[in-house]
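# Observations on the three-dimensional arrangement
Next come the chains, spelled out residue by residue.
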Amino acid sequence: MIDKANAVLLAALVTVCALYSAWRRHAVKCVVPLRGPAPSSFLLGNSPDLYSGPHGLAYHHTLAATYGRAFKVHMLAGEEQIYLSDTRALHHVLVRDTHVFDETPAMMSEFYYCFGPGLISVHGDTHKKQRKMIQPLFGAAHMRVLTPTFWDIAYQARDVIRAKVACASDAGKAPSAVLDLWKWSSRAALEGVGVGALGYSFDALDDETEDNAYMVAARELPYTVYPLRKFMPICVWCMRNLPVWLQRALARVTPVPRVQKVCRIVETLQRNSEALYAAKKAALREGDAEVAAQVGAGNDVMSVLMKANMAAAANEKECLPDDEVMGQMNTLISAAHDTTSSALAHMIYCLAQDLPRQRRLREELAQARSDTFGEFDYHTVTTLPFLDACYRETLRLYAPASFQHRTATEAITVPLSAPIELSNGELISALPIAKGQTVVVAIEAVNRDPAIWGPDADTWLPERWLTKGSPASVQAAGVPGAFSHTLTFLGGNRSCIGMKFSEIELKTILIALVENFEFAPAPGQEEVKWRLSLVQTPAQPGREHLDEPELPLLVTTMKPRSVDALE
Ligand code: HEM
């Protein structure tokens, strides 16, 4: 065992070595003189601005508008990355040349440290094998089975909000109150992934129950870990060069409160996932009746995966080891929770800003209720046209994850859709990328490119999805994305596996809320700032520096229009 003083000394030494080594080994430069912003910090390059919570989003928008679809940005210790929104080049990065472009070592290390060997933190054959086993569980057939589960969660969200509004309203007046809709979006999203993916209830929509440690850890991880990203190369160096026991010991004694907090969160997630995994395994051994008695009635993704895995136990090629199955639990909580919270909060926020469209959506739902005489099934949830238009438009304009990274494992040249001008005035129509160079996949820049989406690309306009067929510019762009010509769920072999899951979850919750409440800006708190984090999160002006997001909105309970809206 090392004592605390020595460990701190060792941590300082390792940091210096890591920085020096990063400087020497990781300072990858662009092959050609790309244009781009000057570094804002000698040591950190542009990363303080690129990762800034309060002004990061605006900075990204300005960069894309100023430097076009391929330019360089400076990172820690002189590294140069390529910021890319050219769709032809991105097709190569995400789809065609995936044997060259891998997840960046920095992200993989972060994910591996936090979640273990789940889908998001493994690569190569392990990733292929995991994806083959897990993908079918997120397909339309299984989402049909899970639709009633999502309705339960949607109604729980409706009930808790209704109770909160009633409690805060003045007697004799219409039930109306200012509520923090981030809190309820985040809790509904957590309960969705808990019950639908893990077969576990966080009791996140039960306001009477005290928050349990598992729920708090899942909620706090994304925004606690994000500000550390600009120092990620140091962590990568440690992960590559030090044994795991020393990494853990160093992390625990690093005198940075945020690092300490991340350690505690990760330990809590791991402890609880292990207990949940053990309980599920025991239930599976007991047989179907025991599984059906659990939360989610055995329909949740993990139960189905574990059952298939146990059945395939004899065949090593078809079966995942325990640590990889367990790795999926933390991966799913994290990948699903913050992204879905951000999307749901943004959808409610957009509707609150636009009462006419909110009313139009409510009309569509009322009409559909009277046409279908009851609860909407999977087909209805996925095909209501205006609901679908609002969903697509929100995810286009406000992609929860604004950008991702890929790193070239060998030197490669990718073609560009249109020539770009280098800083020396030369034009190039193919972009050389150095071995080890990281590409910033500029999701938001593609989703908002005026050359693709038109001059109103920055406007929330659900109607753009109601016309038959996409505009010629959208078709011609060839966006290599899995969802509606956007990069919101990325594309290729590492695109989001939970795309359909999030669609059903988000739409059912939105239906239950819009049928029962009117949302409007909160008086005196009309302005909301959206910040950059692992996903976009809302804050009140002047409070952007606070970790915890907040979205105050005025919520008015509507008189029920039909028996169905009452359930
Ligand atoms: C609006 C909601 C969501 C958005 C915008 C979103 C977006 C994304 C993006 C951009 C990626 C690629 C990450 C990368 O390459 O590093 C991704 C991957 C992933 N997502 Fe989602 N996601 C959402 C919801 C969900 C849900 C609900 C689940 C599961 C229940 C999920 C599970 C995953 C997993 C497991 C991966 C890793 C896939 C792989 O590496 O093969 N996501 N997601």
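Residues numbered from 1 in each chain as written. Predicted model: local features only at pLDDT ≥ 70, side-chain atom pairs only at ≥ 80, totals over all residues.

Convention followed: UniProt positions are given in the numbering used here, feature names are shortened, and annotations may be inferred rather than shown by experiment.
As recorded in an unreviewed UniProt entry, the protein goes by the name Cytochrome P450, listed as coming from Mycena pura. For the protein, the Subcellular location (unreviewed entry) comment in UniProt is given as "Membrane". Recorded in UniProt for the protein, the comment headed Cofactor (unreviewed entry) runs: "heme".

### Observations concerning the site of the ligand
Rule in force here: Whether a residue is near a molecule or strand depends on its C-beta atom, generated from backbone atoms, being within 6 Å of that molecule or strand. Only DSSP runs of H or I with at least four residues qualify as helices, and only runs of E with at least two residues qualify as strands; both kinds are numbered from the N terminus onward. Nonpolar residues are Ala, Val, Leu, Ile, Met, Phe, Trp, Tyr, Cys and Pro. Charged residues are Asp, Glu, Lys and Arg, and all others, Gly as well, are polar.
Among the 25 residues in the neighbourhood of the ligand, the closest are listed as Ala335, Ala336, Thr339, Cys496 and Gly498. Put simply, the parts of the chain that give the shell around the ligand at least two residues each are helix H8 (181-198), helix H15 (322-353) and helix H22 (499-516). Sorting elements by how many residues they give to the shell around the ligand places H15 first, with 7 residues. Partitioned by chemical class, the residues of the shell around the ligand number 15 nonpolar, 7 polar and 3 charged.

### As for the pairing of strand E6 (residues 412-421)
Rule in force here: At least two DSSP bridges between two strands are needed for those strands to be called paired.
Bridge count between E6 and strand E7 (residues 427-433): 6 bridges; the pairing is antiparallel. From the neighbouring strand, Ile412 faces E7, where its bridge partner is Ile433. Hairpin connection between E6 and E7: a loop of 5 residues separates the two successive antiparallel strands, and Gly425 in this loop has a positive phi of roughly 90 degrees.

### Side note on the sheet that holds strand E4 (residues 176-180)
Put simply, the rule reads: Interaxial angle, 0 to 180 degrees, is taken between N-to-C directions of lines fitted to C-alpha atoms, where a helix line uses only the stretch in contact.
Read across the sheet, 3 strands follow the order E4-E12-E9 without closing on themselves; strand pairing throughout is antiparallel. With one partner strand each, in any of the chains shown, E4 and strand E9 (517-521) form the two edges of the open sheet. Across the sheet, the mean angle separating the axes of adjacent strands is 35 degrees when strand polarity is ignored. For E4 and strand E12 (residues 552-557), the ladder comprises 5 bridges, and the chain directions are antiparallel. Looking across to E12, one finds that Ala177 is bridged to Val555.

### Topic: the UniProt feature "binding site: heme" (unreviewed entry) in the protein
Basically, it comes down to this: With C-beta atoms placed from the backbone, a residue is labelled by how many other C-beta atoms lie within 10 Å of its own: buried for 20 or more, exposed for 12 or fewer, partly exposed between the two. Any residue pair is listed as a contact if its two C-beta atoms, each placed from the backbone, are within 7 Å.
According to UniProt, the positions carrying the feature "binding site: heme" (unreviewed entry) are Cys496. By secondary structure assignment, the location of Cys496 is in the loop between helix H21 (472-477) and H22. Note on Cys496: 20 C-beta atoms within 10 Å, which makes it buried. Excluding residues within four positions of it along the chain, Cys496 makes contact with Ala482, Phe489 and Leu490.

### Section: unusual backbone geometry
Look at Ser484: it is not a glycine, yet its phi comes out positive at around 45 degrees. With respect to the element layout, Ser484 can be found in the loop between H21 and H22. Residue classification places Ser484 among the partly exposed positions, given that 18 C-beta atoms sit within 10 Å. In this structure, Leu490 takes a positive phi of about 60 degrees despite not being glycine. Take Leu490: it is sitting in the loop between H21 and H22. Using a count of 23 C-beta atoms within 10 Å as the deciding quantity, one classes Leu490 as buried.

### Quick look at the confidence of the model for the protein
What counts, and what does not: pLDDT measures how confident the predictor is about each residue, on a scale from 0 to 100.
Per-residue confidence for the protein gives a mean pLDDT of 89, with 92% of residues at or over 70. Across residues 563-567, confidence stays below pLDDT 50; counting only partners more than four residues off in sequence or on other chains, it has 9 contacts. We note a pTM of 0.91 for the whole complex and an ipTM of 0.99 for its interfaces.

### With respect to the sheet that holds strand E8 (residues 438-441)
Taken in spatial order, the 5 strands of this open sheet run E1-E2-E8-E5-E3, and their pairing is mixed. Strands with a single pairing partner mark the edges of an open sheet, and in this sheet they are strand E1 (70-74) and strand E3 (101-102). As paired elements, E1 and strand E2 (residues 80-84) share 5 bridges and run antiparallel to each other. If you follow Lys72 over to E2, its bridge partner there is Ile82. Against the sheet, helix H4 (residues 87-96) makes contact with E1, E2, E3, strand E5 (404-408) and E8, and its axis sits at roughly 110 degrees relative to E8, the strand it touches most.

### Describing the environment of Leu221
As for its position among the elements, Leu221 is in helix H9 (residues 213-225). Classification of Leu221 as buried rests on a count of 24 C-beta atoms within 10 Å. Separated by 40 residues in sequence, Leu221 and Lys261 have C-alpha atoms that sit 8.9 Å apart. Excluding anything up to four places from it in sequence, Leu221 contacts Cys114, Ile265 and Ser334.

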